[in-house]
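Topology and contacts: notes
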Amino acid sequence: MHHLIDHWIRPELRALSAYQVADARGLIKLDAMENPYGWPEGMKQEWAALLSQVAINRYPDPQATQLQGPLRAAMGIADDMGLLLGNGSDEIIQMLCLALAGPGRTLLSVEPGFVMYRLIASFCGLRYCGVPLNPEDFSLDLPTLLQTLEQEQPALVFLAYPNNPTGNLFDEQALLEIIQAAPGLVVIDEAYAPFTDASFMARLGQFDNLLVMRTLSKMGLAGLRLGLLAGPRPWLEQLDKVRMPYNINSLTQASAAFALRHIQVLEQQTQQIRRDRALLLGQLQVLPGLTAYASEANFILLRLPEGRASAVFAAMKQQGVLVKNLHGAHPSLRDCLRLTIGTPEENQACLRALQTALSIRVP
Ligand SMILES: *Cc1c(COP(=O)(O)O)cnc(C)c1O
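We now turn to the structure provided with this report. All of these numbers come straight from a predicted model, not from anything done at the bench. (Residues numbered from 1 in each chain as written. Predicted model: local features only at pLDDT ≥ 70, side-chain atom pairs only at ≥ 80, totals over all residues. Heavy atoms only, no water.)

1. Some words on the overall build of the protein chain
- When you go through the protein chain residue by residue, the secondary structure sums to 14 helices and 13 strands.
- Against the globule reference of 21 Å for 363 residues, the protein chain gives a C-alpha radius of gyration of 21 Å, in line with a compact fold.
- Within the protein chain, buried positions represent 52% of all 363 residues.
- Sequence-distant contacts in the protein chain: of pairs separated by 6 or more residues, those separated by 24 or more amount to 72%.
- For the protein chain, the accessible area works out to roughly 16900 Å², and carbon and sulfur atoms hold 54% of it. (Helix = DSSP H or I, 4+ residues; strand = E, 2+ residues; numbered from the N terminus. Rg over C-alpha atoms; globule rule 2.2 N^0.38 Å. Buried < 20%, exposed > 50% of the residue type's maximum accessible area, 1.4 Å probe, protein only. Contact = heavy atoms within 4.5 Å. Areas by Shrake-Rupley, 256 points an atom, 1.4 Å probe, with all protein chains shown as cover.)

2. A few points about the sheet that holds strand S9 (residues 291-292)
- Taken in spatial order, the four strands make up an open sheet running S9-S10-S13-S12, and their pairing is antiparallel. Pairing within the sheet leaves two strands with one partner each, and these edge strands are S9 and strand S12 (324-325).
- In this fold helix H12 (residues 263-285) packs onto S9, strand S10 (299-303) and strand S13 (336-340), with an angle of close to 10 degrees to the strand it touches most, S10. (Pairing = 2+ DSSP bridges. Axes fitted to C-alpha atoms, helices over the stretch in contact; angles between N-to-C directions.)

3. A few points about the environment of Ser250
- Considering the arrangement of structural elements, one finds Ser250 in helix H11 (residues 250-261).
- Assessed through its relative accessible area of 16%, Ser250 is described here as buried.
- Through-space distance from the C-alpha of Ser250 to that of Val54 is 7.1 Å; in sequence the pair is 196 residues apart.

4. Things to note about the environment of Asn134
- Looking at the element boundaries, Asn134 is found in the loop between strand S4 (127-132) and helix H7 (142-152).
- Spatially, the C-alpha atoms of Asn134 and Arg225 are 33 Å apart, while their sequence positions differ by 91 residues.
- Leave out the neighbours within four places in its chain, and Asn134 touches Ser139, Leu140 and Asp141.

5. Quick look at a nonpolar patch on the surface
- A cluster of nonpolar side chains, Met1, Ile5, Ile9 and Leu13, forms an exposed patch at the surface whose accessible area comes to about 350 Å².
- For Leu13, the position within the fold is in helix H2 (residues 11-14).
- The partly exposed category is assigned to Leu13, whose relative accessible area is 34%. (Patch = residues over 30% accessible without salt bridge, like charges linked within 9 Å, V, L, I, M, F, W, Y side chains within 5 Å. Salt bridge = Lys/Arg side-chain N within 4 Å of Asp/Glu carboxyl O.)

6. A short note on unusual backbone geometry
- With an omega of 0 degrees, the peptide bond running from Glu111 to Pro112 counts as cis.
- Inspection of the secondary structure puts Pro112 in the loop between strand S3 (106-111) and helix H6 (115-124).
- The amide bond that connects Asn164 to the next residue, Pro165, takes the cis arrangement and shows omega of 15 degrees.
- Even without a glycine there, the phi angle at Phe138 is positive, about 60 degrees.

7. Overview of the pairing of strand S2 (residues 82-86)
- Across the five residues that make up S2, a large majority, five, are buried.
- Alternating residues of S2 divide into Gly82, Leu84 and Gly86 and Leu83 and Leu85, and every residue in both groups is buried.
- Pairing geometry for S2 and strand S8 (residues 227-231), over five bridges, is antiparallel. If you follow Gly82 over to S8, its bridge partner there is Gly231.

8. Some details on the packing of H11 against H12
- Contact geometry for H11 and H12: axes closest at 4 Å, N-to-C directions at 75 degrees. Taken together, the axes of H11 and H12 lie roughly perpendicular to each other. For the pair formed by H11 and H12, the contact residues are Ala259, Leu260 and Arg261 on the first element and Ile263, Gln264 and Leu266 on the second.
- A class-by-class count of the residues in the contact of H11 with H12 yields four nonpolar, one polar and one charged. (Parallel < 35°, antiparallel > 145°, perpendicular 65-115°, else oblique. Nonpolar A, V, L, I, M, F, W, Y, C, P; charged D, E, K, R; others polar.)

Shown next, in the form of structure tokens:
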């Protein structure tokens, strides 16, 4: 079998390792930027009643008509802009890559950044180019970026705003310069929009090559898998050709429309998460020997004393708290862990586990 695999599976795919998802059973799950809150009982019952009316014997509405208006309202998308929906924004990254891939075509992003850009580019047949962020504060290295844009002429540029896994916003003027200098499409990935006031959504239409991507995942609907891309209609009409006709299933369409009718519940939750982020950041910043980076997202990046990250990660897990170990993911993430903001109780459990783990010396 292996010789067949080696012969037929594309070499760039064989070279990739699959995206790993940790087993979180029985653990406080603070590794994946999920919203920790559920819905009030009455709201759940109303939702269940609604789902029982969905005609699952029928194909979904290919345009997800009932979602278009509510999404535009919730995300502040102008009427003259187009809107494309994806089965998570991961699928939108894939649609963009499929539409723009070709011999000699490049996707450019920054590192450390969101790993799916590199992964999806690679299996769609786009060369990937990652420009390092400034290691001290994870800001954009604008001169190097401009030079690389010039050299590589990338078809596609992805920038997460705020960035994952560093949590910071890039300088707005620097992003504007990049958009103007880029020869191809620039996609601003605003997955963490619920946790910041900054956005490029209102700038759509000011540039021929700017698109903005969002998702419902981080605002509390990760299980539904719904992402969206907004921008000038001529671009989205082309991208729509690589979209599978029924990519947004009926249960997701009905559930997301329902959730958007109760958006104040989700907004209260994200406001709570923002307050708890400030609280946890303050508590982390007074711990000796470590750096907690300020964040505009629903997670905090933490740098531990040298050589301790993997042992601390394991010790926290032993105490029932699962976070993300980023040590080894990128040179500038040495000794780093990423903690998702949970409920106040989960955050305090996380803090206690971290403190306990830090006082356990590595043998
Ligand atoms: C989580 C995340 C996404 C993916 O979101 P889905 O809509 O759940 O696929 C996209 N971009 C960034 C930067 C993320 O952190």
